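# Per-entry structural report
Here are the chains, one letter per residue:
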Amino acid sequence: AVVEPAPAPAPAPVVDRSDLPEPPAVAPVVAHSAAEGTSVNVPLPPFSGDRPYLRAIEEVIAPAVVEFAPDVIVTQDGADPHHADPLAHLQVTMPAFPRAYRSLHQLAREAAGGRWVALGGGGYTYEVVPRAWTLLLAEMLDAELEDEIRARSLRVPPTPVTGAESGVGSLR
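Residues numbered from 1 in each chain as written. Predicted model: local features only at pLDDT ≥ 70, side-chain atom pairs only at ≥ 80, totals over all residues. Heavy atoms only, no water.

### Concerning unusual backbone geometry
Backbone geometry places Ala69, a non-glycine residue, at a positive phi of 55 degrees. Residue Ala69 is classed as partly exposed on the basis of its relative accessible area of 49%. The backbone of Gln91 shows a phi angle near 60 degrees, a positive value even though the residue is not glycine. Inspection of the secondary structure puts Gln91 in the loop between strand S5 (73-76) and helix H2 (96-112). (Buried < 20%, exposed > 50% of the residue type's maximum accessible area, 1.4 Å probe, protein only. Helix = DSSP H or I, 4+ residues; strand = E, 2+ residues; numbered from the N terminus.)

Right, dumping it as structure tokens:
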């Protein structure tokens, strides 16, 4: 068993775990009573798409984070929810990413005095990751992208890229 010495921060992942036949085997977490209720997990069914993904962020995670009142918001901003990602099954489209980023930015302003640390990670389609992170950085900087850059950032392959084409398992 893992023992947490103090209340944990409020992680709030939106996760797709449809690839697992059963929950992964992990050591149980035993928390102090003060840490109870400080975690929000929003499991979404495979092929959920934009609307449930965004609702999870805006209607479940955001209110929980505001209530928690953190000193800083730390987000893991992977591009793996995107429909072209070969490993995830959420089927989120690129236009949902800027809305999610706007919601997270507003959440940082409202709940943490604007303090927001965004971490990259996740996403195995080279066409998607740089586009998503360009949109994220633009949101964090309150920058307006030129129309041509924004349009290119929102265009991605219409179907998933799999196998060797994705670069997974290679050094490309």
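### Observations concerning the packing of helix H1 (residues 50-68) against H2
Two elements in contact, H1 and H2, have axes whose closest approach is 10 Å; the angle formed by their N-to-C orientations is 5 degrees. It follows from the interaxial angle that H1 and H2 lie roughly parallel. On H2, the residues that touch Asp50, Tyr53, Leu54, Ile57, Glu58, Ala62, Val65 and Val66 of H1 are Ala96, Arg99, Ala100, Ser103, Leu104, Leu107, Glu110 and Ala111. Within the contact of H1 with H2, the residues separate by chemical class into 11 nonpolar, one polar and four charged. (Axes fitted to C-alpha atoms, helices over the stretch in contact; angles between N-to-C directions. Parallel < 35°, antiparallel > 145°, perpendicular 65-115°, else oblique. Contact = heavy atoms within 4.5 Å. Nonpolar A, V, L, I, M, F, W, Y, C, P; charged D, E, K, R; others polar.)

### Some points on the pairing of strand S6 (residues 116-119)
Alignment of S5 against S6, held across four bridges, turns out to be parallel. Residue pairing for S6: Gln76 is matched across the bridge by Leu119. Note on the crossover from S5 through H2 to S6: the handedness is right-handed. (Pairing = 2+ DSSP bridges. Right-handed = clockwise from strand over helix to strand, strands pointing away.)

### Focus on the confidence of the model for the protein
Mean pLDDT over the protein: 77, with 68% of residues reaching 70 or higher. No element of the protein has a lower mean pLDDT than strand S1 (residues 2-3), which averages 40, and none a higher one than H2, which averages 97. Counting contacts from residues 1-9, a segment whose pLDDT is below 50, to residues more than four positions away or on other chains yields 22 contacts. Within the model, the stretch residues 20-31 combines pLDDT values under 50 with 10 contacts to residues more than four positions away or in other chains. (pLDDT = per-residue confidence, 0-100.)

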